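Geometric and topological summary
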Amino acid sequence: MTELSGRRVMVTGGAGFLGSYVCDKLEGAGADVIVPRKSDVDLTEQQAVRTLLDRTHPEIVVHLAAEVGGIGANRANPGRYFYANAIMGINVIEESRRAGVGKLVQVGTVCAYPKYTPVPFKEEHLWDGYPEETNAPYGVAKKSLLVMLQAYRAQYGFNGIYLLPVNLYGPRDNFDLETSHVIPALVRKFTAARDSGSPTVEVWGTGSASREFLYVEDAARAVVLATEGYDGADPVNVGAGHEVTIRRLVETIATITGYKGEVSWDSTKPDGQPRRMLDTSRAREYFGFEAAVGLEEGLRKTISWWQEHGVP
Ligand SMILES: NC(=O)c1ccc[n+]([C@@H]2O[C@H](COP(=O)([O-])OP(=O)(O)OC[C@H]3O[C@@H](n4cnc5c(N)ncnc54)[C@H](OP(=O)(O)O)[C@@H]3O)[C@@H](O)[C@H]2O)c1
């Protein structure tokens, strides 16, 4: 068990969506939290990472910094997403080892799984095929960091753990339609359509794909539980334990926002991976994590946050 009270914990990406919740929880547990900002330290630069660690001496590093986005952003930036996510991880892991950091928590992604993984996805199927094409550069870049951590554990005894969260959502998510994931994009479109009285909302794909969504506070709680209580080499899924079709998700968001018009499905746009749902038994067994917030409750909180804080 890693005691967090009084420990110096660096959270890269700590000002981001997931990171802000992780920092709240770490601070709640009494940790001394350090958040490097991209404007001060570009983690794609190895020397900058070395200087940062030499200056701050964290005991634990939680590496969340990443360049992320939905299907559109992944398709527009495959090279950048591969490079930025691989190099940031490589720099942070190597420089943490060099600086004598005691533990590193790497957050990967469900996008690392093969396109046709049997549902629910089990960690042992991670290497059974190539990921869905639209997010493969991002997924493979992050998955390579699992190999790096396992190799560093074997060669240097470096304690790096690896978590695989599903798609996250919640208040303070990225609602920029150019780069957002599916839930904030839908919430924004449906609230705008309701307010303008628009008769139709266009949605990408056929609606038949299924996804699993985890409320961001649950995900942050999982990261902190693993930081405290898990020190193994095995990757661990972090999910909600239930899947929903995109069609059902759209209907639920339309109902909660009070949108009364039609939904038009643009089947020329990709659905992405056909089904996604994680087997979450390892997280329960290894560090006692179970999601607490159901999808409808989480969507209500997200929609009311957007109604209060969104662009008028
Ligand atoms: N959101 C999801 O659905 C989801 C699902 C599975 C896994 N994840 C993983 O969870 C982690 C956090 O995702 P998120 O959605 O919270 O992302 P986010 O809100 O975009 O936050 C990412 C953070 O990374 C930092 N960053 C990006 N490039 C950087 C660079 N070159 N140097 C230093 N910092 C840099 C940014 O820092 P500044 O704020 O200082 O610019 C930003 O705060 C990522 O590792 C992601 O792969 C997310």
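The rules behind the values
- Residues numbered from 1 in each chain as written.
- Predicted model: local features only at pLDDT ≥ 70, side-chain atom pairs only at ≥ 80, totals over all residues.
- Heavy atoms only, no water.
- Near = heavy atom within 4 Å.
- Polar contact = N/O pair within 3.5 Å; in protein donor to acceptor, adjacent residues only side chain to side chain.
- Areas by Shrake-Rupley, 256 points an atom, 1.4 Å probe, with all protein chains shown as cover.
- Helix = DSSP H or I, 4+ residues; strand = E, 2+ residues; numbered from the N terminus.
- Nonpolar A, V, L, I, M, F, W, Y, C, P; charged D, E, K, R; others polar.
- Contact = heavy atoms within 4.5 Å.
- Core = buried A, V, L, I, M, F, W, Y, C linked by side-chain atoms within 4.5 Å.
- Buried < 20%, exposed > 50% of the residue type's maximum accessible area, 1.4 Å probe, protein only.
- Pairing = 2+ DSSP bridges.
- Axes fitted to C-alpha atoms, helices over the stretch in contact; angles between N-to-C directions.
- Salt bridge = Lys/Arg side-chain N within 4 Å of Asp/Glu carboxyl O.
- Parallel < 35°, antiparallel > 145°, perpendicular 65-115°, else oblique.
- Left-handed = near helix turned anticlockwise from the far one by under 90°.

1. A few points about the site of the ligand
Near the ligand lie 25 residues; those nearest to it are Phe17, Leu18, Arg37, Tyr138 and Lys142. A distance of 2.8 Å separates an oxygen atom of the ligand from a polar atom in the backbone of Leu18. A distance of 2.6 Å separates an oxygen atom of the ligand from a polar side-chain atom of Lys142. Considered on its own, the ligand offers 890 Å² of accessible surface; in the complex 87% of this is hidden by protein. Among the secondary structure elements, those contributing two or more residues to the shell around the ligand are α1 (17–28), α5 (136–156) and β6 (167–169). Of the residues that constitute the shell around the ligand, the class distribution is 15 nonpolar, 6 polar and 4 charged.

2. Details of the side chain of Asn85
Structurally, the position occupied by Asn85 is in helix α4 (residues 78–99). Excluding anything up to four places from it in sequence, Asn85 contacts Ala66, Glu67, Arg80, Tyr138, Ala141, Lys142 and Leu145.

3. Some thoughts on the nonpolar core
If you look at the biggest cluster of nonpolar residues, it comprises 64 residues, and the most contacted ones within it are Leu18 and Leu26. No other element matches the 7 residues that helix α7 (residues 216–229) contributes to this core. Leu18 has contacts with Leu64, Val107, Leu168, Val216, Ala219 and Ala220, leaving out every residue within four places of it along the chain. By size, the runner-up hydrophobic cluster in this structure holds 25 residues, among which are Tyr169, Ala193, Ile253 and Val293.

4. A closer look at the sheet that holds strand β2 (residues 32–34)
Sheet architecture is open: 6 strands sit in the order β2-β1-β3-β4-β5-β10, paired in parallel fashion. At either margin of the open sheet sits one strand with a lone partner, and together these are β2 and β10 (236–238). This sheet shows a mean twist of 25° between the axes of neighbouring strands, independent of strand direction. Docked against the sheet, α4 engages β3 (60–63) and β4 (103–107), running at close to 175° with respect to β3.

5. Some remarks on the pattern of salt bridges
All chains considered together, the criterion is met by 20 salt bridges. With its nearest N and O atoms 2.8 Å apart, the salt bridge here joins Glu67 to Arg80. Pair noted here: Glu67 is in the loop between β3 and α3 (71–76) and Arg80 is in helix α4, with a separation of 13 residues, a long-range link. On the accessibility criterion, Glu67 (18% relative accessible area) is buried. Residue Arg80 is classed as partly exposed on the basis of its relative accessible area, which comes to 38%.

6. Overview of the environment of Arg282
Checked against the element boundaries, Arg282 lands in helix α9 (residues 281–287). In sequence terms Arg282 and Ala254 are 28 residues apart; their C-alpha atoms lie 34 Å from each other. Once residues lying within four places of it in the same chain are set aside, the contact partners of Arg282 are Glu123, Glu124, Asp234, Pro235, Val236 and Phe287. Within the local environment of Arg282, its side chain forms a polar contact with the backbone oxygen of Pro235, the two atoms lying 2.7 Å apart.

7. Some points on the packing of α1 against α7
Running from N to C, α1 and α7 point in directions that differ by 55°, and their axes come no closer than 9 Å. Here α1 lies oblique to α7, going by the angle between them. Crossing handedness for the pair α1 and α7: right-handed. Residues Phe17, Leu18, Tyr21, Val22, Lys25 and Leu26 of α1 form the contact with α7, whose own contacting residues are Val216, Glu217, Ala219, Ala220, Arg221, Val223 and Val224. Residues belonging to the contact of α1 with α7 are distributed by class as follows: 10 nonpolar, no polar and 3 charged.

8. Notes on unusual backbone geometry
Here the bond from Val119 into Pro120 is cis, since omega is 0°, no more than 30 degrees from zero. Among the structural elements, Pro120 can be located in the loop between β4 and α5. Of note, the phi angle at His57 is positive, near 45°, even though the residue is not glycine. Counting through the fold element by element, His57 comes out in the loop between α2 (46–56) and β3. Even without a glycine there, the phi angle at Arg172 is positive, about 75°. Tracing the chain through its elements places Arg172 in the loop between β6 and α6 (182–196). Judged by its relative accessible area of 37%, Arg172 falls in the partly exposed class.

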